[in-house]
Amino acid sequence: MIEIKNVSKTFRAADGSVEALKNVSITIPDGDIFGIIGMSGAGKSTLVRCINMLERPSSGSVEIDGCDIGKLSDAKLREVRRDITMIFQGFNLLMQRNCLKNVCFPLELAGKSKAEAKKRALELLEVVGLSDKAKAYPAQLSGGQQQRVAIARALATNPKVLLCDEATSALDPTTTNSILELIRGINEKLGITVVIITHQMSVVESVCKHVAILDHGEVVEQGEVAEVFSNPKSLAARRLVFPERDSDWLNAKEVTVHV
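Residues numbered from 1 in each chain as written. Predicted model: local features only at pLDDT ≥ 70, side-chain atom pairs only at ≥ 80, totals over all residues. Heavy atoms only, no water.

Caption draft 1: Main features of the sheet that holds strand 2 (residues 16-28). Across the sheet, four strands lie side by side as 2-1-4-5; this open sheet has antiparallel pairing. Edge positions in the sheet fall to strand 2 and strand 5 (67-68), since each has one partner strand and no second. In this fold helix 1 (residues 44-51) packs onto strand 1 (2-13), strand 2 and strand 4 (59-64), with an angle of close to 60° to the strand it touches most, strand 2. (Pairing = 2+ DSSP bridges. Helix = DSSP H or I, 4+ residues; strand = E, 2+ residues; numbered from the N terminus. Contact = heavy atoms within 4.5 Å. Axes fitted to C-alpha atoms, helices over the stretch in contact; angles between N-to-C directions.)

Okay, structure coming up:
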């Protein structure tokens, strides 16, 4: 279980400070596919980077299976990060390495032999449907194929948590659907907890079980996807669910939604 407790993050700048996150509390159950959604600048990417401590919260804590990972030593945190892997909008593949060697890379860092790493990498390329692309380089692949390699690489260390930071934003709708189906299958077969950061309502509706809506660094609504989307209570949720509605309807204290 991931427990984000009262997390705030302030960035200092020459012209002042910016509160990216304000007292955020979210609980993500084991094995869930949890969506965190909001408009640009809502604080989504900062939050996901706080989950694996790539960004240290200014206050609050992130606990994974009861362990406050913000209190760990650098060495222990590196170990924990093998259990919390991440995929990105830009894929972040090593362009000078072929697909097989990209997937081998985290295994080599973890001290696996070349033979062990190659065996595991080939298994994972098969899992993501790219066993025939082992010797291809990222530049020879489509965006969807590159993201599949990135997913295979993220799975290399047998993680418990997969963080997806706008992982489908650069893909067309058909490719997005195929990547989401792959993530759903991985979640079901391997029991990996998935956290999806996105600004796309369709992504959350398609694959997530629970959702939290961020607005200006605050959680304004959270719960089961079906409930939040059928009966949005916050203005931010209404804007995301019903972007075509006029401002008077969006700002009404009570709204009637027909589904």
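Caption draft 2: Just the pattern of salt bridges, in detail. A complete count under the given rule lists 10 salt bridges for this structure. Between Glu55 and Arg49 there is a salt bridge, with the nearest N and O atoms lying 3.9 Å from each other. Exposure remark for Arg49: the relative accessible area of 30% places this residue in the partly exposed category. In this structure, Glu123 and Lys119 form a salt bridge, with 2.9 Å as the shortest nitrogen-oxygen distance. In this pair, Glu123 and Lys119 both sit in helix 4 (residues 114-127), four residues apart, roughly one turn of the helix. Among the charged side chains, a salt-bridge network with shared partners connects Lys9, Arg49 and Glu55. (Salt bridge = Lys/Arg side-chain N within 4 Å of Asp/Glu carboxyl O. Buried < 20%, exposed > 50% of the residue type's maximum accessible area, 1.4 Å probe, protein only.)

Caption draft 3: Representation of the side chain of Ser61 within the structure. Among the secondary structure elements, Ser61 is positioned in strand 4. Beyond its immediate stretch of four places on either side in the chain, Ser61 contacts Glu3, Ile4, Lys5, Val7 and Asp68.

Caption draft 4: Focus on the pairing of strand 4. Pairing of strand 1 with strand 4, which is carried by five bridges, proceeds in the antiparallel orientation. Its bridge partner being in strand 4, Ser8 is matched across the sheet by Ser59. Where strand 4 meets strand 5, two bridges bridge the pair, whose relative direction is antiparallel. Paired with Ile64 across the bridge in strand 5 is Cys67.

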